[in-house]
Amino acid sequence: MEHLSQAIDLSSPGTIEAVTCPACGLLCDDLSVERHADGALKVIKNPCAKGVKFFQYTPKTTQPRIAGKPSDLQAAIAKATEILGGAKHPLLSGLGTDIQGMRAVMNLAEKSGATIDHMNGKSSMRNLLVMQNSGWQITTLTEVKNRVDLLLVVGTDIVSYFSRFFERNIWNPETMFGQDTSSREVVYLGGRDLDTSHGVSPKGVQPTVLPCDVAQLPEVLGVLRAILLGKKVIATEVAGIQVADLAKLAERLQAAKYSVVAWTASALDFPHAELAIQNIVGIVDKLNATTRSSGLPLSGSEGDVGAYNTSSWISGYPFRMSYRNDYPDYEPHHYATDRLLAEGQVDAMVWISSFNPARLPPASKIPNIVIGHPNLELETEPDVFIPVAVPGIETKGIQFRSDSSVALPLKQLRATDLPTLGDVLSAIEAGL
Ligand code: SF4
């Protein structure tokens, strides 16, 4: 058994306990992973499909490429430095990395006068704009695990994004306060064709399901909020949901001792989705006048929560900020990656994707440097490709969990020749 504090031989076979999985924002830290003599990894305790896929990868290459031709690391770094050094308005995007990697991103951004955005910038901004506009009352996964009695899930089934959510946080057999978790209630509001099977309690109690198109959630949530505020609602139905059913839901929320309203911003993919989130925040706010309730914005995949936390504590702003004017400049709409590329406002792009080989850079005609997962499934060859160690497999790291209040250590599980993202970005920065 290997623990963080022990000096460990990363080349010999063994079983690593208490492994943290960074494949989604839940950061489950209860996995056991078996390491074979050839470095192959196998999850042997608490697997889920996404986690198994993440850990079972083996690098197809450790060699950088320049214009598709194999190169050594020094030459690739020199070429990347030349491209960035010649750019007036570079863009550092993707940003799929951990905290150490993100610190190196911020240093390089400041040195090169770059703009930064995350691959999940669009969905993250739905939450960030609401938080910046009105503030919010949200909770942690630990609080959910120990206190929730009514879970309202908005616009998602959660498990499509965070597969072990119910297993770890709702139907957990034990809590700190002796709660009978099998009596917890689950309501799904909005979305269609969701997998609601995970909301069935261990006693077999079915969840309440109130389906509607996610794009109509702002009005549905607006009516639920109006009912809670004691407003008169004349309509009898909204987006196919009976107002009487929303009134019953309002009563259940008011009667609950600790309700939690959960959503995934990625699932709310329609124009002005922040209006739905704004209404959730208002609902939680109103409920707290007489009982306890909290929001739970589920995110954290590809390091997005860590990226905006790191950027915020260094620059004062989350991503979609720029050093192009020599000071941190935040513009949540204009500094979006797709907009910057479409408007020709950047002249070189560095795309970073360390965790997920399927998260590729957007098409562009400007010089581009890709740094990330060795098995990135690139459709077009960038000017420079540098494979780096995957945090949580080939290098240690620290990652923020979905609830943004807990950061967990990622272990190195096997030996590698791959450099870290920090090594590569620091070398580029030193050459500028
Ligand atoms: S639910 Fe997420 S963090 Fe947990 S094991 Fe699966 S992919 Fe990893």
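Criteria and thresholds
Residues numbered from 1 in each chain as written. Predicted model: local features only at pLDDT ≥ 70, side-chain atom pairs only at ≥ 80, totals over all residues. Heavy atoms only, no water. Pairing = 2+ DSSP bridges. Helix = DSSP H or I, 4+ residues; strand = E, 2+ residues; numbered from the N terminus. Axes fitted to C-alpha atoms, helices over the stretch in contact; angles between N-to-C directions. Expected span 1.5 Å × (residues − 1). Buried < 20%, exposed > 50% of the residue type's maximum accessible area, 1.4 Å probe, protein only. Contact = heavy atoms within 4.5 Å. Arc of directions from axis to C-beta. Salt bridge = Lys/Arg side-chain N within 4 Å of Asp/Glu carboxyl O. 1 Å grid on protein atoms, 1.4 Å probe; cavity = no way out; pocket = protein on both sides within 12 Å on 5 of 7 lines; lining within 4 Å. Points joined across faces, edges and corners; volume = space filled by probe spheres on them. Near = heavy atom within 4 Å. Sits in = over half its atoms within 2 Å of the grid points. Nonpolar A, V, L, I, M, F, W, Y, C, P; charged D, E, K, R; others polar. Parallel < 35°, antiparallel > 145°, perpendicular 65-115°, else oblique. Left-handed = near helix turned anticlockwise from the far one by under 90°. Right-handed = clockwise from strand over helix to strand, strands pointing away.

A. Structural view of the sheet that holds strand β14 (residues 292-297). Read across the sheet, 5 strands follow the order β10-β9-β8-β13-β14 without closing on themselves; strand pairing throughout is parallel. Single-partner strands in this sheet number two, and they are β10 (208-210) and β14. The mean angle between the axes of side-by-side strands here comes to 15°, regardless of whether they run parallel or antiparallel. Pairing analysis gives 6 bridges linking strand β13 (residues 258-263) to β14, with the strands arranged parallel. From the neighbouring strand, A262 faces β14, where its bridge partner is L296.

B. Examining helix α10 (residues 304-315) more closely. For α10, spanning 12 residues, the distance from its first C-alpha to its last is 16 Å, which sits close to the expected 16 Å at 1.5 Å a residue. Extensive coverage of α10 is indicated by the burial of 9 of its 12 residues. Inspection of α10 places D304, V305, G306, A307, Y308, N309, T310, S311 and S315 among the buried residues, and these make up the whole buried set. Buried residues belonging to α10 abut β6 (90-96), α3 (99-112), β7 (115-116), α4 (121-134), β15 (321-322) and β20 (397-400). Two residues or fewer after α10 comes G316, characterised by a positive phi angle close to 95°.

C. Region of the structure containing helix α12 (residues 421-431). Taken residue by residue, α12 has L421, V424, L425 and I428 as its buried positions. What you see down the axis of α12 is that its buried residues fit within an arc of 90°, all on one side.

D. Layout of the pattern of salt bridges. Following the criterion strictly, the structure yields 18 salt bridges and no others. A salt bridge links K122 to D269; the shortest N-O distance between them is 3.5 Å. Taken as a pair, K122 in helix α4 and D269 in the loop between β13 and α9 (274-287) lie far apart in primary sequence, 147 residues in all. Across the salt bridge formed by D180 and K203, the nearest N and O atoms sit 3.3 Å from each other. One end of the pair, D180, is in the loop between α6 (165-169) and β9 (185-189); the other, K203, is in the loop between β9 and β10, with 23 residues separating them in the sequence.

E. Structural context of empty space enclosed by the protein. One pass over the full model with this rule turns up 1 cavity of 30 Å³ or more. C21, C24, C28, C48 and R164 are, among the 13 residues lining the largest cavity, the residues nearest its centre.

F. Focus on the site of the ligand. Taken together, the residues surrounding the ligand are C21, A23, C24, L26, L27, C28, C48, K50, G51, S163 and R164. Under a 2 Å grid-point criterion requiring more than half of the atoms, the pocket assigned to the ligand is the largest cavity. Residue composition of the shell around the ligand, grouped by class: 7 nonpolar, 2 polar and 2 charged.

G. Spotlight on the packing of α4 against α9. Axis separation between α4 and α9 bottoms out at 9 Å; the angle between their running directions is 50°. In this view, α4 runs oblique relative to α9, as classed from their interaxial angle. α4 and α9 meet at a crossing whose hand is right-handed. When α4 is examined against α9, the residues R126, N127, V130, N133 and S134 are found in contact with a partner set consisting of E274, I277, Q278 and V281. Classifying every residue of the contact of α4 with α9 gives 3 nonpolar, 4 polar and 2 charged.

H. Geometry of the pairing of β14. Within β14, 5 of the 6 residues are buried, which leaves the element mostly enclosed by the surrounding structure. As for the winding sense of the linkage, the β-α-β connection from β13 through α9 to β14 is right-handed.

I. Up close: the sheet that holds strand β1 (residues 14-19). If you walk across this open sheet you meet the 3 strands as β1-β2-β3, and the pairing is antiparallel. Of all the strands in the sheet, the pair left with one neighbour each is β1 and β3 (41-45). Put simply, the sheet's adjacent strands are angled 30° from each other on average, direction ignored. As defined by bridge partners, β1 adjoins strand β2 (residues 31-35) across 4 bridges and the pair is classed as antiparallel. Across the sheet, the residue bridging to V19 is L31, located in β2.

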